[in-house]
Amino acid sequence: MHLHLFTDVRKERNITVLNSDLDRFGHFLVSELEPLELSDILFEEGVLTVIDHDKIEGQQSLKRRNEVLLDCLKKCPPEKLDYFAFALKQSEKESILVRMKKGESDEEPTIGKKVH
C-alpha cells in the first residue's frame, strides 16, 4: 500500500506575510495591487467575507479599493495572510512578493513611528 501525501499548494511559499508588512509596505501595496482580482481569489479561499468583497468592489477609485483591501487583510488572523501571498502568485503579481522579501519599500517602516 502506498501512501500519497498531498500538500496544500496555497501553503507552499517562500515568504510569509505579516501584519506588520502590510503597514510597512502600505503605500507601495496601494499603488501596485490589483484589488478586484485579489479580492476574488481571497474570497474564494475564505479570507474575505462577502461584505469585505463587496466593500472593496464598491469603491470608486483603484487607490481606495486597495486601501479597503489592506484594511480587511489587517483584520484577518495571521495564518490567513499566507493566502495573500498565494493570491499575489495566482494573479501573476509575484514581483510584489519579491520586493517585499527584499525589504524594498517606498517608505520608512511604520513600526515605532508616531502617527500625527
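A short tour of the structure in this document, coming up. (Residues numbered from 1 in each chain as written. Predicted model: local features only at pLDDT ≥ 70, side-chain atom pairs only at ≥ 80, totals over all residues. Heavy atoms only, no water.)

The next thing to look at is the environment of Pro-77. Tracing the backbone shows Pro-77 in the loop between α5 (62-74) and α6 (82-90). Taking the C-alpha atoms as reference, Pro-77 lies 9.1 Å from Asn-19; in sequence the two are 58 residues apart. (Helix = DSSP H or I, 4+ residues; strand = E, 2+ residues; numbered from the N terminus.)

The set of residues buried in helix α7 (residues 94-102) consists of Ile-96, Leu-97 and Met-100. Viewed end-on, α7 has its buried residues packed into an arc of 100°, placing them on one side of the element. In α7, those exposed residues whose orientation departs by more than 90 degrees from the buried face are Lys-101 and Lys-102. Where α7 is buried, its residues contact α1 (19-24), α2 (26-32) and α6. Count one or two residues on from α7 and you reach Gly-103, which has phi positive near 85°. (Buried < 20%, exposed > 50% of the residue type's maximum accessible area, 1.4 Å probe, protein only. Arc of directions from axis to C-beta. Contact = heavy atoms within 4.5 Å.)

Here we come to the packing of helix α3 (residues 35-44) against α5. Where α3 contacts α5, the two axes come as close as 10 Å, and the packing angle between them is 30°. When the axes of α3 and α5 are compared, the pair comes out roughly parallel. Here the hand of the crossing between α3 and α5 comes out left-handed. Each of Pro-35, Leu-36, Leu-38 and Leu-42 in α3 lies in contact with α5, whose residues at this interface are Leu-62, Arg-65, Asn-66, Leu-69 and Leu-73. A per-class count over the contact of α3 with α5 returns seven nonpolar, one polar and one charged. (Axes fitted to C-alpha atoms, helices over the stretch in contact; angles between N-to-C directions. Parallel < 35°, antiparallel > 145°, perpendicular 65-115°, else oblique. Left-handed = near helix turned anticlockwise from the far one by under 90°. Nonpolar A, V, L, I, M, F, W, Y, C, P; charged D, E, K, R; others polar.)

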